[in-house]
Amino acid sequence: MRIYAVLAEIEKLLFLFLKSYIWGQYISSPLFLCISNRLFANSPHGHGPPLRAPSFTIHKSVFMSVTIAPIGESLPPYLASKSYSKIVLLADTHTRKLCYPLVKPFLPKHELIVVPPGEQHKNLTTCEQIWGAMTDAQLDRHALMLNLGGGVIGDMGGFCAATYKRGIDFLQIPTTLLSQVDASVGGKLGIDFQGFKNHLGVFTQPKNVLIDASFLQTLPYVELRSGFGEIIKHCLIADAAKW
């Protein structure tokens, strides 16, 4: 009950964050409703009726698109509107086990690349493995890459996609709250190098960011708290009114 109450109280902050952070355009707060619904509707600790929110797409500019919806409603229409030569999905061992089964039913034939999880693997060595797997799969410049994971997968997978054959299309499918509200937005891509965080990288926008709150059910509470901490931080540093 206490966790649910805390999340409910923080809805207003999440709304302000989304309103101000995703480039200033007004939106309502269905993401929080989706989060609450997914987290508590089937939880033995849930309280109150499930919260529901509509699916919607936020088009902020010609450079950026964010879709908040169940993955089964967002991914198939996007793929149907394109003609990619091949599709590759990048996951780490955690998202391969917990999140990939939620995405796989909505994918056509594709290649799967799995890497170790964690910031310690966000480096050139892992990138070489990814680029090697992409090369072995004979991906051309008309291929698509799906990055299924948190900030590490999004940063590194996007970087690999943006540099492979001078750049191929990619989608971000963030699976942590932190990556859904921060890391996947803005085209920030990169890897660590010689002890420096995000020392090598580029800014390249994904073709779409597909946010599905059901992935949050796979997270421990500490990861959710980390995401809400980022939301609070952005409200705190924005201005007094936001805080």
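Residues numbered from 1 in each chain as written. Predicted model: local features only at pLDDT ≥ 70, side-chain atom pairs only at ≥ 80, totals over all residues. Heavy atoms only, no water.

Novice: So what's going on with the overall build of the chain? Which residues, and what values?
Specialist: Looking only at helices and strands, the chain has 10 helices and nine strands in total. Buried residues in the chain amount to 47% of all 243 residues. For the chain, the proportion of contacts with a sequence separation of at least 24, taken over those separated by at least 6, is 70%. Summing over all exposed atoms, the chain offers an accessible surface of approximately 12,100 Å²; the carbon and sulfur share of this is 56%. (Helix = DSSP H or I, 4+ residues; strand = E, 2+ residues; numbered from the N terminus. Buried < 20%, exposed > 50% of the residue type's maximum accessible area, 1.4 Å probe, protein only. Contact = heavy atoms within 4.5 Å. Areas by Shrake-Rupley, 256 points an atom, 1.4 Å probe, with all protein chains shown as cover.)

Novice: Explain the pairing of strand 3 (residues 87-92) to me, and be specific about the residues and the numbers.
Specialist: Where burial is concerned, most of strand 3 is hidden: six out of the six residues are buried. As paired strands, strand 3 and strand 5 (residues 144-149) are joined by five bridges and run parallel to one another. Across the sheet, residue Leu89 finds its bridge partner in strand 5, namely Leu146. In this sheet, strand 4 (residues 111-115) lies alongside strand 3 in parallel orientation, the contact comprising five bridges. In the strand pairing of strand 4, Leu89 is matched with Leu112. (Pairing = 2+ DSSP bridges.)

Novice: Explain the packing of aromatic side chains residue by residue, including any values.
Specialist: Any two aromatic rings considered together are summarised by their centre-to-centre distance and by the angle between their planes. Applying the stated criterion across every chain, the model contains two aromatic pairs. Where Trp131 meets Phe159, the ring centres are 6.1 Å apart and the plane angle is 50 degrees; that geometry is what we call tilted. Taken together, the positions of Trp131 in helix 7 (residues 124-136) and Phe159 in helix 8 (residues 151-163) put the pair 28 residues apart, joining distant regions of the chain. We classify Trp131 as partly exposed; its relative accessible area is 22%. (Phe/Tyr/Trp six-rings, centres within 6.5 Å; stacked < 30°, edge-to-face > 60°.)

Novice: How would you explain the confidence of the model for the chain if you had to name every residue and give the values?
Specialist: Within the chain, residue pLDDT values average 81, and 73% of them lie at 70 or more. Low confidence marks residues 18-54, where pLDDT is under 50. Its contacts with residues over four positions away, or in another chain, come to 71 contacts. (pLDDT = per-residue confidence, 0-100.)

Novice: With reference to specific residues and values, describe the side chain of Ser74.
Specialist: Checked against the element boundaries, Ser74 lands in helix 4 (residues 71-80). In contact with Ser74, not counting residues within four places along its chain, are Thr67, Ala69 and Leu210.

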